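Architecture at a glance
What follows is each chain in one-letter form.
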Amino acid sequence: MAQNFMILMAEDDPADAHLLKLALSESCIAADLQHVVDGREALEYLRRQGPRFAQASRPDLILIDLNMPRMDGREFLAIVKNDADLRDIPVVVLSTSQVERDVLAAYRLGAAGYIAKSPDVDVFFNDIRRLSNYWASQVSWPVCR
């Protein structure tokens, strides 16, 4: 596993953000989780803009909600995947939408994965456990990230 595996989560719903934090903490993966509330804040974080994000660490994985105010997950993906400095960071969409056009659009924009948020907490926790185990323990990372 990568040392200090870092996840940036962009989620505007406080309840969903709390559930995701709980699920990650129960996944037995040692990860540093940073939380922002929308795509615009996520970009500010990635670009280390403003005093709040001046010392931000580059994430190993980004988890982003699809539907958020100011800048949604689609807009975020389009920007990040067209930015030479950011495009190699995997972005996984977490959304309540299971609409095929949303899933397809996310992949076409460069998402590394798409997980529909289950209303069943146990199913959601299991999904996050598998996701975090895959990205933090199973994926081979280049030596210089």
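1. Structural notes on the pairing of strand β1 (residues 5-10)
Burial analysis of β1 places six of its six residues in the buried class, the great majority of the element. Neither face of β1 is exposed, since F5, I7 and M9 on one face and M6, L8 and A10 on the opposite face are all buried. Pairing of β1 with strand β2 (residues 31-36), which is carried by six bridges, proceeds in the parallel orientation. Looking at β2, one finds that M6 is bridged to D32.

2. A few points about the confidence of the model for the protein chain
Predicted coordinates in areas of low pLDDT are best not read in detail. Taken residue by residue, the protein chain gives an average pLDDT of 88. The fraction at 70 or more is 92%. Mean pLDDT values for the elements of the protein chain range from 83 in helix α6 (residues 121-138) up to 96 in helix α2 (residues 39-46).

3. Some words on the packing of aromatic side chains
On inspection of all chains with the given rule, the structure shows two aromatic pairs. Where Y45 meets F53, the ring centres are 5.6 Å apart and the plane angle is 70°; that geometry is what we call edge-to-face. The residues Y45 and F53 share a single accessibility class, namely buried. A centroid spacing of 6.5 Å and a plane angle of 65° characterise the contact between F124 and F125, whose relative ring orientation is edge-to-face.

4. With respect to the pattern of salt bridges
Following the criterion strictly, the structure yields ten salt bridges and no others. Among the ionic pairs, D88 bridges to R58, the shortest N-O distance being 2.5 Å. Separated by 30 residues along the polypeptide, D88 in the loop between α4 (73-80) and β4 (91-95) and R58 in the loop between α3 (50-53) and β3 (61-65) bring together distant segments of the chain. We classify R58 as partly exposed; its relative accessible area is 34%. Between K117 and D65 there is a salt bridge, with the nearest N and O atoms lying 3.5 Å from each other. Taken as a pair, K117 in the loop between β5 (113-116) and α6 and D65 in strand β3 lie far apart in primary sequence, 52 residues in all.

Analysis parameters
Residues numbered from 1 in each chain as written. Predicted model: local features only at pLDDT ≥ 70, side-chain atom pairs only at ≥ 80, totals over all residues. Heavy atoms only, no water. Buried < 20%, exposed > 50% of the residue type's maximum accessible area, 1.4 Å probe, protein only. Helix = DSSP H or I, 4+ residues; strand = E, 2+ residues; numbered from the N terminus. Pairing = 2+ DSSP bridges. pLDDT = per-residue confidence, 0-100. Phe/Tyr/Trp six-rings, centres within 6.5 Å; stacked < 30°, edge-to-face > 60°. Salt bridge = Lys/Arg side-chain N within 4 Å of Asp/Glu carboxyl O.

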